[in-house]
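Read off the chains here:
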Amino acid sequence: MFPTGDGQSSVESFHTARSDAEGDLPPGSVGEEQVKQAIQNIAGSILRDMPLRLLNTEDGKLYARPALITKFEESDKFRSLLNVTTTMSALKQKEFFFEVVKDFFAYVMLSHRWEGNEPGFKDITQKGVYKLSASRFDKVRNFCRKARKHNFHWAWIDTCCIDQGSSAEVQKSISSMFSWYRGSALTIIYLSDVVESSDQALLLSQWFRRGWTLQELLAAKVIRLYKKDWTPFSQSAAFNHKNVAEILVALELATGIQKSYLKFYCPSVEHPRMKLRWALRRETKEKEDEAYCLMGIFGFTMQVTYGEGDHAFSRLLMEIMKRTGDATLLDWIGQPSTLNSCLPSSPRCFSDAPFVIAEMCLDGHPPPVLSFALAAKVVYVLKGAIRRARDSSHLRNGHNTSHELNVDGSDDDGAPHIASVPSSQSIFSLKRSKSFPFEGSEMTPLAKLLEKPPRPYNLNPEIHITVPCFVHEVLSLYFTPVSGSYHCRADGIQSFSLVTSEKLETFTTDHRSPSRYLLARTWDPRLSYDSSHVYPITMPLLRQRLKNPFFAVLLEHSHDGRFRRVSTRERIVAKLELFPPQTYGVRVLDLQ
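Residues numbered from 1 in each chain as written. Predicted model: local features only at pLDDT ≥ 70, side-chain atom pairs only at ≥ 80, totals over all residues. Heavy atoms only, no water.

Student: With reference to specific residues and values, describe the overall build of the protein.
Tutor: A tally of regular secondary structure across the protein gives 19 helices and 16 strands. Within the protein, the fraction of its 592 residues that count as buried is 50%. Counting contacts in the protein only where the partners sit at least 6 residues apart, residues at least 24 apart contribute 67% of the total. A total accessible area of about 27700 Å² is found for the protein, and carbon and sulfur atoms account for 53% of it. (Helix = DSSP H or I, 4+ residues; strand = E, 2+ residues; numbered from the N terminus. Buried < 20%, exposed > 50% of the residue type's maximum accessible area, 1.4 Å probe, protein only. Contact = heavy atoms within 4.5 Å. Areas by Shrake-Rupley, 256 points an atom, 1.4 Å probe, with all protein chains shown as cover.)

Student: Please provide a residue-by-residue account of the packing of aromatic side chains, values included.
Tutor: This structure, assessed with the given rule, holds 22 aromatic pairs. A ring pair is formed by Tyr 226 and Trp 230, whose centres lie 6.4 Å apart and whose planes are at 35°; its orientation type is tilted. Here Tyr 226 matches Trp 230 in class, with each residue buried. Cluster of aromatic residues (ring-pair linked, three or more members): Tyr 63, Phe 72, Phe 78, Phe 104, Phe 105 and Trp 154. The ring of Phe 300 is capped by Arg 323, whose NZ or CZ atom sits 4.5 Å from the centre of that ring. Of note, Arg 565 hangs over the ring of Trp 332, and the distance from its end group to the ring centre comes to 4.0 Å. (Phe/Tyr/Trp six-rings, centres within 6.5 Å; stacked < 30°, edge-to-face > 60°. Lys NZ or Arg CZ within 6 Å of the ring centre and 35° of its normal.)

Student: Please give an account of the pattern of salt bridges that cites residues and values.
Tutor: Summed over the entire model, instances satisfying the criterion amount to 26 salt bridges. Between Arg 136 and Asp 123 there is a salt bridge; the shortest N-O distance is 3.3 Å. Here Arg 136 is found in the loop between β3 (107-111) and α7 (138-149), whereas its partner Asp 123 is found in the loop between β3 and α7, with 13 residues between them in sequence. As a salt-bridge pair, Glu 319 and Lys 322 come within 3.5 Å of each other at their nearest N and O atoms. Here the residue Glu 319 and the residue Lys 322 both occupy positions in helix α16 (residues 311-324), the gap between them amounting to three residues, near one helical turn. Accessibility expressed as a relative area gives 21% for Glu 319, which makes it partly exposed. Members of the salt-bridge network, linked through shared partners, are Arg 113, Glu 115, Glu 118, Lys 139 and Asp 193. (Salt bridge = Lys/Arg side-chain N within 4 Å of Asp/Glu carboxyl O.)

Student: Please provide a residue-by-residue account of the pairing of strand β6 (residues 223-226), values included.
Tutor: What you see with β6 is no split at all: Ile 223 and Leu 225 on one side and Arg 224 and Tyr 226 on the other are buried throughout. Two elements, strand β5 (residues 186-190) and β6, share four bridges in a ladder whose sense is parallel. Residue pairing in the sheet places Ile 188 in a bridge with Arg 224 of β6. (Pairing = 2+ DSSP bridges.)

Student: Would you mind going over helix α3 (residues 65-73) in detail, with residue names and values included?
Tutor: All buried positions along α3 are accounted for by Leu 68, Ile 69, Phe 72 and Glu 73. Looking straight down α3, one finds its buried side chains confined to an arc of 140°; they lie on one side. Buried residues along α3 sit in contact with α2 (32-47), β1 (53-56), β2 (62-64), α4 (76-84), α6 (94-104) and β4 (154-156). (Arc of directions from axis to C-beta.)

Student: If you had to explain the side chain of Lys 242 to someone new, which residues and values would you point to?
Tutor: Among the structural elements, Lys 242 can be located in the loop between β6 and α11 (245-255). For the buried Lys 242, which has no salt bridge, the nearest side chain bearing the opposite charge is Glu 216, at an N-O separation of 11 Å. At 2.9 Å, the side chain of Lys 242 forms a polar contact with the backbone oxygen of Leu 217. Contact partners of Lys 242, with chain neighbours within four places excluded, come to Leu 217, Leu 218, Ala 220, Lys 221, Ile 223, Leu 248, Leu 262 and Lys 263. (Lys, Arg positive; Asp, Glu negative; His and termini not counted. Polar contact = N/O pair within 3.5 Å; in protein donor to acceptor, adjacent residues only side chain to side chain.)

Student: Give a description of the sheet that holds β3 that names residues and reports values.
Tutor: Sheet architecture is open: six strands sit in the order β2-β1-β4-β3-β5-β6, paired in mixed fashion. Edge positions in the sheet fall to β2 and β6, since each of these pairs with one other strand and no more. Adjacent strand axes in the sheet meet at a mean angle of 35° when their direction is disregarded. The pairing of β3 with β5 spans four bridges and is classified as parallel. What sits directly across from Val 108, in β5, is Leu 186. The sheet strands contacting helix α8 (residues 167-183) are β1, β3, β4 and β5, and the helix crosses β3 at an angle near 110°. (Axes fitted to C-alpha atoms, helices over the stretch in contact; angles between N-to-C directions.)

Student: Would you mind going over the environment of Thr 500 in detail, with residue names and values included?
Tutor: Tracing the backbone through its elements, the reader meets Thr 500 in the loop between β11 (496-498) and β12 (517-522). Taking relative accessible area as the criterion, Thr 500 reaches 9% and is therefore assigned buried. Sequence separation between Thr 500 and Val 566 is 66 residues; the distance between their C-alpha atoms is 7.9 Å.

Student: How would you explain unusual backbone geometry if you had to name every residue and give the values?
Tutor: Phi angles above zero are rare outside glycine, and Asn 151 is one such case at about 70°. Here Asn 151 lies in the loop between α7 and β4. For Asn 151, a relative accessible area of 66% gives the class exposed. Non-glycine residue His 271 carries a positive phi angle of around 50°. Topologically, His 271 is positioned in the loop between α12 (259-263) and α13 (272-277).

Student: Can you lay out the side chain of His 241 for me, pointing to particular residues and giving the numbers?
Tutor: Along the polypeptide, His 241 turns up in the loop between β6 and α11. With sequence-adjacent residues up to four places away left out, His 241 is seen in contact with Ile 223, Arg 224, Leu 225, Ser 234 and Ile 247.

Student: I'd love a proper account of helix α19 (residues 539-547), names of residues and values included.
Tutor: Among the residues making up α19, those that are buried are Met 539, Leu 542, Arg 545, Leu 546 and Lys 547. Elements in contact with the buried residues of α19: α18 (446-451), β9 (465-480), β12 and β13 (550-557).

Student: Pulling in residues and values, what's your account of the pairing of strand β10 (residues 485-490)?
Tutor: Pairing of β9 with β10, which is carried by six bridges, proceeds in the antiparallel orientation. Bridged to Thr 480 within β10 is Ser 485. Hairpin connection between β9 and β10: a loop of four residues separates the two successive antiparallel strands, and Gly 484 in this loop has a positive phi of roughly 70°. Pairing geometry for β10 and β11, over three bridges, is antiparallel. Paired with Cys 488 across the bridge in β11 is Phe 496. Where β10 folds back on β11, the antiparallel hairpin that results is connected by five residues, among which Gly 492 adopts a positive phi of roughly 80°.

Student: Give me the lowdown on the packing of α8 against helix α10 (residues 212-219), citing residues and values where you can.
Tutor: Put simply, α8 and α10 touch, their axes get as near as 7 Å, and they point 35° apart. Regarding α8 and α10, the two cross each other, and that crossing is right-handed. Contacts between α8 and α10 involve Ile 174, Met 177, Phe 178, Tyr 181 and Arg 182 on the former and, on the latter, Trp 212, Gln 215, Glu 216, Leu 218 and Ala 219. Its residues assigned to classes, the contact of α8 with α10 comprises seven nonpolar, one polar and two charged. (Left-handed = near helix turned anticlockwise from the far one by under 90°. Nonpolar A, V, L, I, M, F, W, Y, C, P; charged D, E, K, R; others polar.)

Student: An account of the confidence of the model for the protein is needed here, citing residue identities and associated values.
Tutor: In the predicted model, the protein carries a mean pLDDT of 83, and the fraction of residues at 70 or more is 79%. Here residues 1-22 is modelled with pLDDT under 50, and outside its nearest four sequence neighbours on either side it reaches 32 contacts, counting other chains as well. Contacts of residues 358-380 to residues separated by more than four positions or lying in other chains number 39 contacts, the stretch itself having pLDDT below 50. (pLDDT = per-residue confidence, 0-100.)

Rendered as structure tokens:
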């Protein structure tokens, strides 16, 4: 601002002259204060979706939201808006105002890997980063200079733009991180360990091993990659490196994420297992950040509580489970959560691809995971339509539909006529212990499963998870030192082995005491519909699918009637000895 002859600044002089004339405004005109209020309202709405504070690339100082408004009111853009907005019709041009204000506040985000003694919020004094000579400020200084070179006035870096001493600000920042990167005009990716522009150097960068950089890459619409010396990784004329084919291919190789997701990713809980696997090889300084850095990718937030350990990932997974009903989330290996043995402790537990039940889609992508509610509704409606059509046809032909069976015990559409089965009856009528832990419990037979498929799990406030399972009592279990695994024999199941770090109780088939262990196959709604995930299947096809190898879990029965999942280092793959009879079914187990 420049002083005038009477000591006022040019801005103050302009405001004074206009204010003096506001009392004599002609009809249809607007005063300065009215225009100023409208602009402030628009600026406030824009700032609500932006980071809480930003670095100014001109002076290197930090500005919180109130100071950002003041900074805008001192700008040429603000003076221009006041100057041209003199009528009510001009004031109504909200889109024009919005674009001008948004352009002023366009900001650049930095995606980087924390190294050494990074400067924090309290280290950025009123002098600004340009006047702080210590080498520890080199990164933030170079970042601000690079943003300024691209004609942006504002920049954000997680090291010094978040007040770590404020729990409310940390919660807000972590919950908003994805949207802040998504709203940036540019995200600069600084690869401090890359010194040459080669695919090999890029693939080896530790930037791809940091947990937080996953969502930063996916959220940003426009990115530019810079090497250790702050020169561009690519010499392409394209400003956005997501539009450089060679870089996109290299990013796909480095992350294992399809190019379509890398170019534009929309947060959702679809294909949760695939997205959890994106984080397999990434590390975070804090255990809780394994979960917090994934919230934006799935499109929801939850309470940030540092100190809760692996409970954070358990809570993340339970939120996903509530929203999807995806049975593959029960298919994991490794260390269980301390919150519930049915839940894994980290994304690394999903290192294996999901066990395949349905066919792959023709394009080679994983089949879409239909929401449980929609899948169940489709199966139920179509099954009812088939049954009504069959009954109508039989009545016209004078048949009694309630008792007519085919020779193989199935009716016309393959659904069997099921008689009630005592709960103590053995599944396959094999030799077994007389003390089975389900005396008096209710079993849901296959026909009922096809008619109305249950959810693959239910969650309750006590962090207990109830899961419908096909269960088989373990008849013998012994350890083989040579292979370092346990050899297991379960009722109606072919012999199999399992590898675990736990010490299990061993016994043989002639033991007299009740077995503590069960082999369980968790119910998967994919069993009840075809590969297109639309049409219900028939009873013969369901029995065939159940006869195929399946992913299983070993459960230990506790005194309170609940079950604990035994952790394993490798997936348990089991197979029925015979085709399951029509009396085969699931029981609901309470896992803790």
